[in-house]
Amino acid sequence: MASWQEIYRSRLTTAEEAVTHIPNNCRVFFGHAANEPPVLVDALVKNYQQYENVEICHWVPMGTGEYTHPEYAGHFHYNGLFLGGVTRQCVKEGRGDYTPFFYHQSTRFFSDGTFPIDVVLVSVTPPDKNGYVNLGVSVGGTLPACKNAKIVIAQVNDQLPRTMGDGFLKVSEIDYFVEASTPLPEGGAGVVTPELDAIGKNIASLVEDGSTLQLGIGAIPDAVLSYLGDRKDLGIHSEMFSDGVVDLYQKGVVTGANKTLDKGKMVAAFLMGSKKLYDFVDDNPDVLMRRVDYVNNPAVICQNPKVVAINSCLQVDFNGQVNSESMGATQFSGIGGQLDYVRGAAMCPDGKAILAMPSTAKHGEISRIVPVFPEGTTVTTTRTDVHYIVTEYGIANLRGKSLRQRARLLIDIAHPKFREQLWEEFEKRYGKEG
Ligand code: COA
């Protein structure tokens, strides 16, 4: 039997050669977020004339998204599982697609024929002494994609951190290796404006000592974390986390001591942040990167104590329906793990699902609390699932409240300049307030 070293050497090639193994009429999946292998993606795009009808799909994009440009039509077709800034336009123009499914379903859908994957392009660490490579900062859905694809092509990147948990693959599970050292894309955190700071403060008031936190994408999670410096024994079980968690860990606030599952460990499916975060998780036994059918499974999420799920949204209607992913009928982002965590928190006896947004959009021109959604708007979290809505003006706990009560509570946390208009709409629906 060949040693892993022999297998590795025999499968080493160049990016240009590796991508020639991608057949026509197939589905190519990219490693998620910071796992996207830039050298392989560039070679694929450069070689575009060789391909016919290759579908490219992935979750959050952190690369250039060049393959979505109109000149690649007929060669590449983009099918996003979560849209970002570089991939939104092609879907908006009808040249690309969006496919909704819960993030935790990836494992099953990649293996049971619901969403089969032909080729995976991923980033891995150099092999360790036992012949294992590691997927680094994106394991959740990337590992199941690798396990189920017909062809796995990996960029071996010595700048990728090696993380503990599920993200290991044997050298023999990968078909082609391309060695290339490239820095990881950084991102995820936004600018904390005074408005987001006030939202962070409101959310933090709901976080008790010993809570298990899930933090979504964007600036709001970091705004919350800055107000948690005096809490004790917080735990992390989260689809993703970013730099803010590192600060709380270093201050001794995040200990995981109160967790039921993975006590003392921070658990995530992927990470998105700066080099500081990537250095922190490298070979760190306190951080476990796990498969998404575990991390995002509501039946797992609910087992930890005091689950607090913190996610952002775009719009909420009077009934408490939440849109977190579309502008009218135009897809803006995706569902990701939002509902996985809203439901996991709901199944946790003392859990809280928080959806937060600034009260206005478009530089204060429009209210995000609306009587009805514009035509075609997606409902991401249903009114039956919704729990807390938070803006910079306060907290509305909608659970167990009638539709009339919900509308009142939501108007109370709308921007003051829109409240009169919203009360008029309330009265049209429910009559004058006595
Ligand atoms: N109408 C028109 N424009 C709107 C709008 C509305 N109702 N709501 C927001 N916008 C605009 C904003 O003004 C902003 O524009 P700008 O970039 O010109 O300032 C832009 O849309 C983005 O809004 P913002 O609130 O800043 O979005 P964000 O980057 O904080 O992302 C979500 C928020 C909801 C899109 C993002 O968190 C998401 O996709 N969530 C769903 C998935 C999820 O929750 N996963 C959780 C597990 S990781």
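Reading guide: rules and limits
- Residues numbered from 1 in each chain as written.
- Predicted model: local features only at pLDDT ≥ 70, side-chain atom pairs only at ≥ 80, totals over all residues.
- Heavy atoms only, no water.
- Helix = DSSP H or I, 4+ residues; strand = E, 2+ residues; numbered from the N terminus.
- Rg over C-alpha atoms; globule rule 2.2 N^0.38 Å.
- Buried < 20%, exposed > 50% of the residue type's maximum accessible area, 1.4 Å probe, protein only.
- Contact = heavy atoms within 4.5 Å.
- Expected span 1.5 Å × (residues − 1).
- Pairing = 2+ DSSP bridges.
- Phe/Tyr/Trp six-rings, centres within 6.5 Å; stacked < 30°, edge-to-face > 60°.
- Lys NZ or Arg CZ within 6 Å of the ring centre and 35° of its normal.
- Axes fitted to C-alpha atoms, helices over the stretch in contact; angles between N-to-C directions.
- Near = heavy atom within 4 Å.
- Polar contact = N/O pair within 3.5 Å; in protein donor to acceptor, adjacent residues only side chain to side chain.
- Areas by Shrake-Rupley, 256 points an atom, 1.4 Å probe, with all protein chains shown as cover.
- Disulfide = S-S within 2.5 Å.
- Domains from an automatic or database assignment.
- Buried area = accessible area lost by both parts, 1.4 Å probe.
- Salt bridge = Lys/Arg side-chain N within 4 Å of Asp/Glu carboxyl O.

Bringing the overall build of the chain into the picture now. The helix and strand inventory of the chain stands at 15 helices and 25 strands. What you see for the chain is a C-alpha radius of gyration of 22 Å, in line with the 22 Å of a compact globule of 434 residues. In terms of overall dimensions, the chain has C-alpha extents of about 80 × 50 × 35 Å along its principal axes. Counting the 434 residues in the chain, one finds 58% classified as buried. Restricting to contacts in the chain with at least 6 residues of sequence separation, those with at least 24 account for 70%.

Side chains of residues three or four places apart in an α-helix project in the same direction, reflecting 3.6 residues per turn. For helix α15 (residues 416-430), built from 15 residues, the straight-helix expectation of 21 Å at 1.5 Å per residue is met to within 8% by its first-to-last C-alpha distance of 21 Å. Residues Phe418, Leu422 and Phe426 constitute the buried set of α15. Looking at the buried residues of α15, the elements they touch are β21 (360-361), β22 (366-367), β23 (369-370) and α14 (403-412). Positioned one or two residues after α15, glycine 431 has a phi angle of 85 degrees, which is positive.

Here we come to the sheet that holds strand β17 (residues 322-323). The strand order across the open sheet formed by three strands is β17-β16-β23, and the pairing between neighbours is mixed. Either end of the sheet is taken by a strand with one partner, and the two such strands are β17 and β23. Of the strand pairs in this sheet, strand β16 (residues 315-317) and β17 are connected by two bridges, and their pairing is antiparallel. For glutamine 315, the partnering residue across the bridge sits in β17 and is asparagine 323.

Moving on, we come to the packing of aromatic side chains. Under the definition given, this model contains 18 aromatic pairs. An angle of 40 degrees between the planes, with centres 6.2 Å apart, marks the rings of phenylalanine 110 and phenylalanine 115 as tilted. In this structure an aromatic cluster arises from ring pairing among Phe29, Trp59, Phe101, Tyr103, Phe109, Phe110, Phe115 and Phe270. Looking at arginine 88, its charged tip hangs above the ring of phenylalanine 332, at a distance of 3.7 Å from the centre. Taking the ring centre of tyrosine 294 as reference, the NZ or CZ of arginine 290 above it sits at 4.0 Å.

Moving on, we get to the sheet that holds strand β10 (residues 176-179). Strand pairs in the sheet, formed through backbone hydrogen bonds, run parallel or antiparallel to each other. What the seven strands build is an open sheet, ordered β4-β3-β2-β1-β5-β7-β10; its pairing is parallel. Each of the sheet's edge strands pairs with one partner strand only, and the pair in question is β4 (97-98) and β10. Relative to β4, strand β3 (residues 76-80) runs parallel, the two being bridged by two bridges. Counted as the bridge partner of asparagine 79 is aspartate 97 from β4. Across the sheet, helix α3 (residues 38-46) lies against β1 (27-30), β2 (54-58), β3, β5 (119-124), β7 (151-156) and β10, angled at about 120 degrees from β7, the strand it touches most.

The next thing to look at is the site of the ligand. With respect to spatial proximity, 22 residues lie near the ligand, and among them Asn311, Ser333, Gln338, Lys362 and Arg368 are the closest. Within the side chain of serine 333, one N or O atom sits 2.6 Å away from an oxygen atom of the ligand. Lysine 362 is positioned with one of its backbone polar atoms (N or O) 3.1 Å from an oxygen atom of the ligand. If the ligand stood free it would expose 980 Å²; the protein chains cover 73% of that surface.

The next subject is the state of the cysteines. What the rule picks out here adds up to zero disulfides. The thiol of cysteine 90 is not disulfide-bonded; the next cysteine sulfur, from cysteine 57, is found 13 Å away.

One can read the domain layout of the chain as domain 1 (4-179) and domain 2 (194-430). Summarising the inter-unit geometry, the C-alpha centres of domain 1 and domain 2 are found 29 Å apart. At the junction of the two partners, domain 1 supplies 31 residues and domain 2 supplies 34 residues. Both faces considered, domain 1 and domain 2 share a buried interface measuring about 2700 Å² in area, 65% of it formed by carbon and sulfur atoms. Two residues, aspartate 283 and arginine 162, come together in a salt bridge whose shortest N-O distance is 2.7 Å. The tally of links between domain 1 and domain 2 comes to 16 residue pairs in polar contact (both at pLDDT 80 or more). Looking at the side of domain 1 that touches domain 2, the elements with two or more residues in it are α4 (88-92), α5 (106-111) and β8 (164-165). Sort the elements by how many residues they give to the side of domain 1 that touches domain 2 and α4 lands first, with three residues.

Moving on, we come to the pairing of strand β25 (residues 394-397). The side-chain alternation of β25 yields one buried face, formed by Gly394 and Ala396, and one unburied face, formed by Ile395 and Asn397. Examined bridge by bridge, strand β24 (residues 388-391) and β25 share four bridges and lie antiparallel to one another. Looking at β25, one finds that isoleucine 389 is bridged to alanine 396.

Before going further, it helps to examine unusual backbone geometry. Despite not being glycine, aspartate 262 has its phi angle at roughly 50 degrees, a positive value. Topologically, aspartate 262 is positioned in the loop between α9 (243-250) and β13 (266-271). Given the relative accessible area of 18%, aspartate 262 is considered buried. Located in the positive-phi region is lysine 362, a residue other than glycine, with phi close to 50 degrees. Position of lysine 362 relative to the elements: it lies in the loop between β21 and β22.

Take the pattern of salt bridges next. Considering all chains together, one arrives at 18 salt bridges under this definition. Put simply, aspartate 166 and arginine 290 hold a salt bridge, and the shortest N to O gap is 3.1 Å. On the criterion of sequence distance, the pair formed by aspartate 166 in the loop between β8 and β9 (168-170) and arginine 290 in the loop between β14 (287-289) and α11 (292-295) is long-range, its members being 124 residues apart. By relative accessible area, which is 24% here, aspartate 166 ends up partly exposed. Its salt-bridge partner being glutamate 427, residue lysine 432 comes within 3.2 Å of it at the nearest N-O pair. Taking relative accessible area as the criterion, lysine 432 reaches 69% and is therefore assigned exposed. Judged by relative accessible area, which is 28%, glutamate 427 ranks as partly exposed.

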